[in-house]
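Overview (structure and organization)
Listed below are the residues making up each chain.
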Amino acid sequence: MRSLRVLFVTPEVEPFVKVGGLADMVGALPKELAALGLDVRVVCPLYGATKRVGEWRERAEPLGVDVGPEARWAKVWETTLPGAAVPAYFIEHDWFFARSEVYSEQGDNAHRFVFFSRAALALCQQLEWIPDVIHCHDWTVGLVPVFLNTTLRGTPLARAATVFTIHNLEHQGYADTGVVSYARLPWSEFRADSLESYGRVNLMKAGLYHSTKLTTVSPTYAQEIRTAAGGFGLDHVLRFRAGDLVGILNGIDAVSWNPATDKSLPANYSAADLAGKAVCKAALQKELGLAPDPRVPLFGVVSRFASQKGLDLLAEALPRVLERMDVQFALLGSGDARLEEFFRHVPALYPGRIGTHVGFNGHLSRLVQGGSDVFVMPSRSEPCGLTQMYAMRYGTPPLVRATGGLVDTVENYVEGGDAGTGFVFNDATAGALADTIGWACATYYDRPAEFAGLQQRGMAKDFSWRGSAQHFAELYGWAVEARTGQRHV
Ligand code: ADP
Ligand code: GLC
């Protein structure tokens, strides 16, 4: 049997370019699928900020991309995902991608990513490598399945089934109607069950209607997005396609995220011997200007500063928490300008008790995971969330709001019992968050054996990709059958 061919089309991939967890997923899942025997490849734009990790080779032939009034040309670079024989292609086109941001503020994201989507398909044709499945990630590549169903219909490439993964339904990619002709799509596609939404183009919606199968990143989120409360205006589409939508929980790259081997930590440790964790805590306190106190519970945050993540709730809760409890905070994040400003200035008000680093720093994120006692994630909505899984693996019980993937990955602590991996609260309010921080704080001080039980159970969890990769392999098979009427043999 020929290996099933799968192409990941993505705006981000770790370790080359990352904004959030989408990059982690796309950097890790293909390796597991390759280990299962699939022929997997990845294609991503080449941004100004992309890190050229490993060996890179420029492909000799330029790539013609059929968008806009006249053909545009791109250059293609080829490398592999580190530690695996998974080819990764990067599309170079300076006009759209030489800038450093992945998601640009310049108002041309739809054109940039429509260009990229069409380029990814042109690449398959140029390589004469026709995928059985094209796996698309989030709104940027929503037109990939549309091209296959329209302008490429009848070509060998159009036999490819499409799987579309929703990483975050909140970002849908609204664009002006000019993008229809730019994409060279027929105007007949500008209708409510294809591209159109409120008189504009919605790239995510197009992807949801045109893909063979849909997935999202946790079972609970798959339920939430079918409801008016959690559907971000697209719940009707997801109910319409409910039979083709599955929630498959993200895994983590358990080789990269391992406290026993992580080179970013000043000392390594494991569930059997947590001594190194105290060294990490001391290093984190030093790094962020916190009082060097091994006894005080240290609450850590690593997050994008976005309303989705609920950090405004933390900002509101902090004064009452710091006034009433003997605790410390270590924060790493960036995003929303007002939150950045707040978290930059708040340490001066509570010297030695709260330390922040505004920015994106992979090395420090690992030190926060390893050096904190409790990991705080008060998300309003969370499709999956990876950081709470990293925290558990690093012996740092997460404190989370019960939403989306946080429900599927964190089990609430029961006092006096021997179950649970973290602290869970329900209401998206500063009060509920402050109370739960108080509960975690009391557990840390007064019930150290139970706190240690939370750590041990979290560290024992298997969050690796193995199970979910199997699930994807099976789903790809269903997608091929649905698209072609034939099983892959
Ligand atoms: P999301 O994708 O919504 O941001 P996830 O929890 O799925 O949330 O993934 C976030 C990823 O980005 C994690 O790998 C996390 O470590 C990383 N990350 C977030 N903020 C920062 C930061 N300021 N510095 C370094 N890494 C960060
Ligand atoms: C999105 C979501 C996050 C998820 C990640 C990877 O960024 O916000 O919850 O873990 O995608 O799928």
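Residues numbered from 1 in each chain as written. Chains lettered and ligands numbered in written order. Predicted model: local features only at pLDDT ≥ 70, side-chain atom pairs only at ≥ 80, totals over all residues. Heavy atoms only, no water.

**Re the overall build of the protein**
On a plain count of helices and strands, the protein comes out with 17 helices and 19 strands. The C-alpha radius of gyration computed for the protein amounts to 23 Å, which stays within 12% of the reference 23 Å derived for 489 residues, consistent with globular compactness. Taken along its principal axes, the extent of the C-alpha atoms in the protein is 70 × 45 × 40 Å. Counting the 489 residues in the protein, one finds 59% classified as buried. In the protein, 72% of the contacts between residues at least 6 apart in sequence involve partners at least 24 apart. Total accessible area on the protein is roughly 18800 Å²; 52% of this is exposed by carbon and sulfur atoms. Here the protein carries 46 positive and 52 negative side-chain charges, and the mean point of each set is 3 Å from the other. (Helix = DSSP H or I, 4+ residues; strand = E, 2+ residues; numbered from the N terminus. Rg over C-alpha atoms; globule rule 2.2 N^0.38 Å. Buried < 20%, exposed > 50% of the residue type's maximum accessible area, 1.4 Å probe, protein only. Contact = heavy atoms within 4.5 Å. Areas by Shrake-Rupley, 256 points an atom, 1.4 Å probe, with all protein chains shown as cover. Lys, Arg positive; Asp, Glu negative; His and termini not counted. Charge placed at Lys NZ, Arg CZ, Asp CG, Glu CD.)

**Looking at the site of ligand 1**
Taken together, 20 residues form the shell around ligand 1, and within it K18, G21, R304, K309 and G359 come nearest. One nitrogen or oxygen atom from the side chain of D24 is found 2.9 Å from an oxygen atom belonging to ligand 1. Here a nitrogen atom of ligand 1 and a backbone polar atom of N361 are 2.9 Å apart. Considered on its own, ligand 1 offers 560 Å² of accessible surface; in the complex 93% of this is hidden by protein. Going through the elements one at a time, α1 (21-35), β14 (298-305), β15 (328-335), α12 (362-371) and α13 (387-393) are the ones with two or more residues in the shell around ligand 1. Take the shell around ligand 1: its biggest share by element is 3 residues, from β14. Looking at side-chain class alone, the shell around ligand 1 contains 5 nonpolar, 10 polar and 5 charged residues. Counting the residues that make up the shell around ligand 1, at least three belong to each of domain 1 (5-251 + 466-484) and domain 2 (275-460). (Near = heavy atom within 4 Å. Polar contact = N/O pair within 3.5 Å; in protein donor to acceptor, adjacent residues only side chain to side chain. Nonpolar A, V, L, I, M, F, W, Y, C, P; charged D, E, K, R; others polar. Domains from an automatic or database assignment.)

**Here we look at the site of ligand 2**
Looking at ligand 2, there are 13 residues lining it, with H167, N250, E382, C384 and G385 nearest. E382 is positioned such that a nitrogen or oxygen atom in its side chain is 2.5 Å from an oxygen atom of ligand 2. One of the backbone nitrogen or oxygen atoms of G385 is found 2.8 Å away from an oxygen atom of ligand 2. Relative to its unbound accessible area of 310 Å², ligand 2 is 93% covered by the protein chains. Of the residues contributing to the shell around ligand 2, the split by class is 5 nonpolar, 6 polar and 2 charged. When we break the shell around ligand 2 down by domain, the ones giving at least three residues each are domain 1 (5-251 + 466-484) and domain 2 (275-460).

**Topic: the sheet that holds strand β11 (residues 200-202)**
A sheet is described by the order of its strands in space; here 3 strands give the open sequence β9-β11-β10, paired in antiparallel fashion. Edge positions in the open sheet fall to β9 (174-175) and β10 (196-197), since each of these has one partner strand only. Of the strand pairs in this sheet, β9 and β11 are connected by 2 bridges, and their pairing is antiparallel. Following the sheet pairing, Y174 is matched in β11 by N202. (Pairing = 2+ DSSP bridges.)

**Observations concerning the domain arrangement of the protein**
Its domain assignment divides the protein into domain 1 (5-251 + 466-484) and domain 2 (275-460). Each partner contributes residues to the interface: domain 1 has 17 residues there, and domain 2 has 17 residues. Interface area for domain 1 against domain 2, summed over the two sides, is near 1200 Å², with a carbon-plus-sulfur share of 57%. On the surface where domain 1 and domain 2 come into contact, there are 0 salt bridges. Where domain 1 touches domain 2, the interface holds 6 residue pairs in polar contact (both at pLDDT 80 or more). Of all the elements in the fold, those that place two or more residues in the side of domain 1 that touches domain 2 are α1 and α7 (219-224). It is α7 that provides the largest number of residues to the side of domain 1 that touches domain 2, a total of 4 residues. Among the residues making up the side of domain 1 that touches domain 2, the classes are represented as 6 nonpolar, 7 polar and 4 charged. (Buried area = accessible area lost by both parts, 1.4 Å probe. Salt bridge = Lys/Arg side-chain N within 4 Å of Asp/Glu carboxyl O.)

**Considering α12**
Among the 10 residues in α12, 8 count as buried, and that is most of the element. Those residues of α12 not exposed but buried are L364, S365, R366, L367, V368, Q369, G370 and G371. For α12, the secondary structure elements touched by its buried residues are α9 (275-287), β14, β15, β16 (354-358), β17 (374-377) and α13. A side-chain oxygen of the first residue of α12 lies 3.1 Å from the backbone nitrogen of H363; this N-cap is N361.

**Examining the side chain of E78**
Turning to its location among the elements, E78 is positioned in strand β5 (residues 72-80). Reaching out from E78, the side chain makes a polar contact with the side chain of R57 at a distance of 2.7 Å. Ignoring sequence-local partners within four residues, the contact set of E78 consists of E55, W56, R57, R59, A88 and Y89.

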